[in-house]
Amino acid sequence: QVQLVESGGGSVQAGGSLRLSCAASGDTNSIEYMGWFRQAPGKEREGVAAIDIGDGKTYYDGSVKGRFTISRDNAKNTVYLEMDSLDPEDTAIYYCAATPRWVDSSLDQYDYNHWGQGTQVTVSS
């Protein structure tokens, strides 16, 4: 069993920055990949970024590439999402996810089986 807890969400003006954290506990040695997903009201959950826990390779959705950075601190069992140049379109609940499977560059939510509770990010004009 893996437990994930997100933190760092909040409200920010357009153009500002936020840093989200996802702390993993439980059977963390089983985790191969972790990712960040987001869901806005009335929309489907979409992948934002993913990271290979083993080698640190990262993957991004085109809508956030160049603005968001995913990273991990394996000693702390924590993954981060640094979000810069935020836009109101980034407003959503952001979820951390993990999987024991080798999923390569997957931003498909169905490849992930462990999920955090979500943290709200609101970007105002």
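Whatever comes next refers back to the structure up there.
Residues numbered from 1 in each chain as written. Predicted model: local features only at pLDDT ≥ 70, side-chain atom pairs only at ≥ 80, totals over all residues. Heavy atoms only, no water.

## Things to note about the sheet that holds strand S7 (residues 68-73)
- Sheet architecture is open: 4 strands sit in the order S1-S3-S8-S7, paired in antiparallel fashion. Each of the sheet's edge strands pairs with one partner strand only, and the pair in question is strand S1 (2-7) and S7. Strand-to-strand twist of the sheet, defined as the mean angle between neighbouring strand axes without regard to direction, takes the value 15°.
- Where S7 meets strand S8 (residues 78-83), 6 bridges bridge the pair, whose relative direction is antiparallel. Counterpart to arginine 72 in the pairing with S8 is valine 79. (Pairing = 2+ DSSP bridges. Helix = DSSP H or I, 4+ residues; strand = E, 2+ residues; numbered from the N terminus. Axes fitted to C-alpha atoms, helices over the stretch in contact; angles between N-to-C directions.)

## Focus on the packing of aromatic side chains
- For the structure shown, the criterion picks out 2 aromatic pairs.
- By way of ring pairs, the aromatic residues Phe37, Tyr112 and Trp115 are connected into one cluster.
- The ring of tyrosine 80 is capped by arginine 19, whose NZ or CZ atom sits 4.0 Å from the centre of that ring. (Phe/Tyr/Trp six-rings, centres within 6.5 Å; stacked < 30°, edge-to-face > 60°. Lys NZ or Arg CZ within 6 Å of the ring centre and 35° of its normal.)

## Topic: unusual backbone geometry
- With phi around 50°, serine 85 is a residue other than glycine that occupies positive phi space.
- Despite not being glycine, aspartate 104 shows a phi value in the positive range, around 55°.

## Some remarks on the environment of asparagine 113
- Locating asparagine 113 in the fold gives a position in the loop between strand S9 (92-99) and strand S10 (114-115).
- With 12 residues separating them in the primary sequence, asparagine 113 and arginine 101 have C-alpha atoms 9.3 Å apart.
- Beyond its immediate stretch of four places on either side in the chain, asparagine 113 contacts Ala98, Thr99, Pro100 and Arg101. (Contact = heavy atoms within 4.5 Å.)

## A short note on the pattern of salt bridges
- Under the counting rule described, the total for this entry stands at 3 salt bridges.
- In this structure, arginine 38 engages glutamate 46 in a salt bridge whose closest nitrogen and oxygen atoms are separated by 2.8 Å.
- In this structure arginine 38 comes out as buried when scored by relative accessible area, which is 6%.
- Looking at glutamate 46, the relative accessible area reads 33%, which means it is partly exposed.
- Among the salt bridges present, the one from aspartate 90 reaches arginine 67, with a minimum N-O distance of 2.8 Å. A residue pair is termed long-range when its members are at least 10 positions apart, and aspartate 90 in the loop between S8 and S9 and arginine 67 in the loop between strand S6 (58-60) and S7 qualify at 23 residues. The exposure classification of aspartate 90 matches that of arginine 67, with both residues buried.
- One network of salt bridges, in which partners are shared, links Arg38, Glu46, Arg67 and Asp90. (Salt bridge = Lys/Arg side-chain N within 4 Å of Asp/Glu carboxyl O. Buried < 20%, exposed > 50% of the residue type's maximum accessible area, 1.4 Å probe, protein only.)

So, to be careful, I would describe these as geometric facts and stop short of saying anything about function.
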